[in-house]
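Reading the structure
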There are 2 protein chains.
Amino acid sequence: MNRYSKQARLLIAIDCIIFGFDGENLKLLLIHRAFEPEMGKWSVVGGFLQPDESPENAAARILKQLTGLEGVYMEQLEAFGNPSRDPIERVISLTYFALIDINKYTEQLSEEYRPEWFLLKERPELIFDHNEMVEAALKKLRYKAALHPVLFELLPEKFTLPQLQALYTAVYDAQFDKRNFSRKVLSAELLVKQTEKDKEGSKKGAFYYMLDKTQYKDKLQTFVNFVPTPDNFLL
Amino acid sequence: MNRYSKQARLLIAIDCIIFGFDGENLKLLLIHRAFEPEMGKWSVVGGFLQPDESPENAAARILKQLTGLEGVYMEQLEAFGNPSRDPIERVISLTYFALIDINKYTEQLSEEYRPEWFLLKERPELIFDHNEMVEAALKKLRYKAALHPVLFELLPEKFTLPQLQALYTAVYDAQFDKRNFSRKVLSAELLVKQTEKDKEGSKKGAFYYMLDKTQYKDKLQTFVNFVPTPDNFLL
DNA sequence: CCAAAAGTGTTAATTCTACACCCATGT
DNA sequence: ACATGGGTGTAGAATTAACACTTTTGG
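Sequence order as written defines the numbering, with residues in each chain counted from 1. Chains and ligands are labelled by the order in which they are written, letters from A for the one and numbers from 1 for the other. Note on the predicted model: pLDDT of at least 70 is required for a residue's local features to be given, and 80 or more for side-chain atom pairs to be given and counted; whole-chain, interface and lining totals, by contrast, use all residues. Calculation of side-chain values draws on the structure's entire complement of heavy atoms; hydrogens and water are dropped beforehand.

Details of the relation of the copies chain A and chain B
Superposing the copies works by least squares over the C-alpha atoms of residues that have pLDDT at least 70 in both of them. Here chain A sits on chain B after a turn of 180 degrees about the axis and a move of 0.0 Å along it, with an RMSD of 0.0 Å. In short, the pair behaves as if placed about a two-fold rotation axis. Any pair of residues with heavy atoms lying within 4.5 Å of one another is described as a contacting pair. Counting the interface residues of chain A, we find that 100% of their copies in chain B are interface residues as well, pointing to one common contact surface.

Here's what the structure looks like:
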């Protein structure tokens with residue numbers, strides 16, 4: 001007995017929704033689709049699952065091909081499997097979202113894909129059901145980040161509290177009280193204050209913080225409370 | 001242009017982890033696998049995705065075939081795609097979990113599958129990676145139910161507060177204070193008190209409640225707070 | 001010296017937890 | 001009448017939200 005006869009076999013795509021943060025706004029890394037149909041149109045990064053690789057590895061491979069980055073925070077999102085989602089042939093798409101430090105992304109010369117960062121709010125129309133995928137990714141990111149400390153993945157190793165607050169402001173499109181925010185964040189005991197300051201953003205300068213790596217892995221599983229009344233962010 | 005040539009096509013399985021509640025314990029509906037390999041061994045309910053059906057429809061179909069039930073609460077879980085998870089041939093499994101009212105499940109005569117309910121805690125070894133699937137489903141159920149009112153799906157239309165509390169006790173394997181529990185649950189304004197009592201459980205009898213359906217759909221998206229310190233339930 | 005952003009504390013309101021007694025009824 | 005499980009209230013603790021002034025320094 002060698003195969004399950006009589007059953008249909010389908011193509012599996014892996015699609016990655018890649019988020020970044022420019023200090024002010026959430027961004028999305030999009031590519032030009034490299035083959036027909038819809039060649040040249042904007043699309044999320046993706047590729048086909050190879051016969052011998054796990055979906056996680058495939059997602060990591062695809063991300064690395066485009067950005068050169070490894071060890072990136074990724075999370076499985078959802079399977080999109082509407083039979084007519086791809087007009088050429090049925091494809092099941094397994095989606096992932098990735099959070100990357102936008103500064104680590106050194107312009108890839110990918111002639112083939114001509115990737116570009118877009119403001120999330122100003123992203124172009126995407127092919128197929130990729131708009132839905134982005135919506136789902138954003139929703140899940142908000143949900144996840146309201147409960148767990150994952151947004152740090154979007155910042156450089158050293159960052160300031162004002163930067164962090166700007167990030168939360170961008171993700172939730174909401175204002176945070178500076179005093180309450182810093183108190184909550186620091187009370188999680190995840191951050192280590194550095195002695196240097198960032199002088200870019202202001203004359204006075206803001207202290208850098210770094211993640212306490214030992215704590216971080218444990219507390220990834222922990223509920224955080226940086227975002228008040230998460231109710232708002234669930235719809 | 002008709003197909004994406006050169007790419008491998010794979011089998012897609014849909015597997016459902018079915019939960020029930022017997023008034024005291026969480027249960028799992030398992031079947032005997034009906035074909036080789038591992039024929040006769042215990043397994044989660046599943047089937048292959050057909051060429052023209054969406055994964056959601058496939059999951060509903062498979063659930064209906066086994067239980068006769070429709071309109072059941074289901075949620076997509078995770079894609080399992082380890083290349084060697086099935087020894088015969090590579091299969092990508094899209095998993096769902098389902099919450100059913102165990103009373104609505106009238107013994108199916110499925111000769112083929114010989115399904116049985118198991119106490120979650122006393123479930124047998126399952127084939128392939130189905131043990132992992134069950135773990136993931138339980139984890140997600142706990143996570144979800146700590147934040148959203150989904151556990152009602154495991155109860156009959158009319159239920160009492162003691163029943164509901166027993167359900168939470170079973171799901172989280174933790175004790176709840178009766179007074180605090182009922183106050184929290186009722187403050188969500190999801191339940192409508194009935195005039196009749198359930199006299200099964202006690203001499204005094206406990207009032208029945210029903211979901212306020214109008215509220216329910218809205219509030220499914222709402223954070224609930226029935227479970228204290230959800231931290232414990234995330235690992 | 002002044003504009004611009006960083007940093008910090010207090011109070012009132014709300015929510016949460018812990019805890020114990022009375023009630024209704026079937027036997 | 002009593003055993004069994006159902007139902008209810010309160011007080012202290014903890015958490016959260018709202019709010020404004022001082023500090024630093026580059027220009």
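Observations regarding the domain arrangement of chain A
Residues and elements named next belong to chain A. Domain segmentation is taken from an automatic or database assignment of domains. Domain annotation of chain A identifies domain 1 (11-147) and domain 2 (151-233). Using C-alpha coordinates to define each centre, domain 1 is positioned 26 Å away from domain 2. Every contact between the two is made by 19 residues of domain 1 and, on the other side, 19 residues of domain 2. Buried area: the accessible area, evaluated with a 1.4 Å probe, that two parts lose upon being put together, summed over both parts. Buried surface at the junction of domain 1 and domain 2, both sides included, amounts to about 1700 Å², of which 65% is carbon and sulfur. Three residues stand out in domain 1 for area buried against domain 2, namely F21, R142 and L147, and they jointly supply 37% of the buried area on that side. The salt bridge criterion pairs a side-chain nitrogen of Lys or Arg with a carboxyl oxygen of Asp or Glu, the two atoms within 4 Å. The interface formed by domain 1 and domain 2 includes zero salt bridges. Polar contacts, as counted here, are pairs of nitrogen or oxygen atoms within 3.5 Å of one another; within protein the pair requires one atom able to donate a hydrogen and one able to accept it, and residues that are adjacent in sequence qualify only if both atoms are side-chain atoms. Our count for the contact surface shared by domain 1 and domain 2 stands at three residue pairs in polar contact (both at pLDDT 80 or more). Every element with two or more residues in the side of domain 1 that touches domain 2 is listed here: strand 1 (11-21) and helix 2 (130-147). Going along the chain from the N terminus, every DSSP run of H or I of four or more residues is numbered as a helix, and every run of E of two or more is numbered as a strand. Per element, the largest residue contribution to the side of domain 1 that touches domain 2 is five residues, and it comes from helix 2. In this classification, the charged set is Asp, Glu, Lys and Arg, the nonpolar set is Ala, Val, Leu, Ile, Met, Phe, Trp, Tyr, Cys and Pro, and all remaining amino acids, among them Gly, are polar. Split by residue class, the side of domain 1 that touches domain 2 holds 11 nonpolar, four polar and four charged.

A look at helix 2 (residues 130-147) of chain B
In this model helix 2 of chain B runs 26 Å from its N-terminal to its C-terminal C-alpha over 18 residues, within 8% of the 26 Å that 1.5 Å per residue would give. Along helix 2 of chain B, the residues that are buried comprise H130, N131, M133, V134, A136, A137, L138, L141, K144, A145, A146 and L147 of chain B. The span you would expect from a helix comes to 1.5 Å times its residue count less one. Throughout this description, buried means an accessible area under 20% of the type-specific maximum (1.4 Å probe, protein chains only), exposed means over 50%, and partly exposed covers the range between.

Quick notes on the packing of aromatic side chains
The description of an aromatic ring pair uses the distance of the two centres, along with the angle that the planes make with each other. Residues and elements named next belong to chain A. The pairing test for Phe, Tyr and Trp rings, Trp by its six-membered ring, is centres within 6.5 Å, and the orientation test on the planes gives stacked under 30 degrees, edge-to-face over 60, and tilted for anything in between. All chains considered together, the criterion is met by 20 aromatic pairs over all chains. Look at F19 and F97: their rings are 6.3 Å apart centre to centre, the planes differ by 70 degrees, and that puts the pair in the edge-to-face class. A residue pair is termed long-range when its members are at least 10 positions apart, and F19 in strand 1 and F97 in strand 6 (residues 91-99) qualify at 78 residues. Ring geometry for W42 against F118: centres 4.8 Å apart, planes inclined by 80 degrees, an arrangement best described as edge-to-face. One end of the pair, W42, is in strand 3 (residues 42-43); the other, F118, is in strand 7 (residues 116-119), with 76 residues separating them in the sequence. For the pair W42 and F118, one class covers both residues: buried. Here the aromatic residues Y168, Y172, F176 and F181 are joined through ring pairs into a cluster of three or more.

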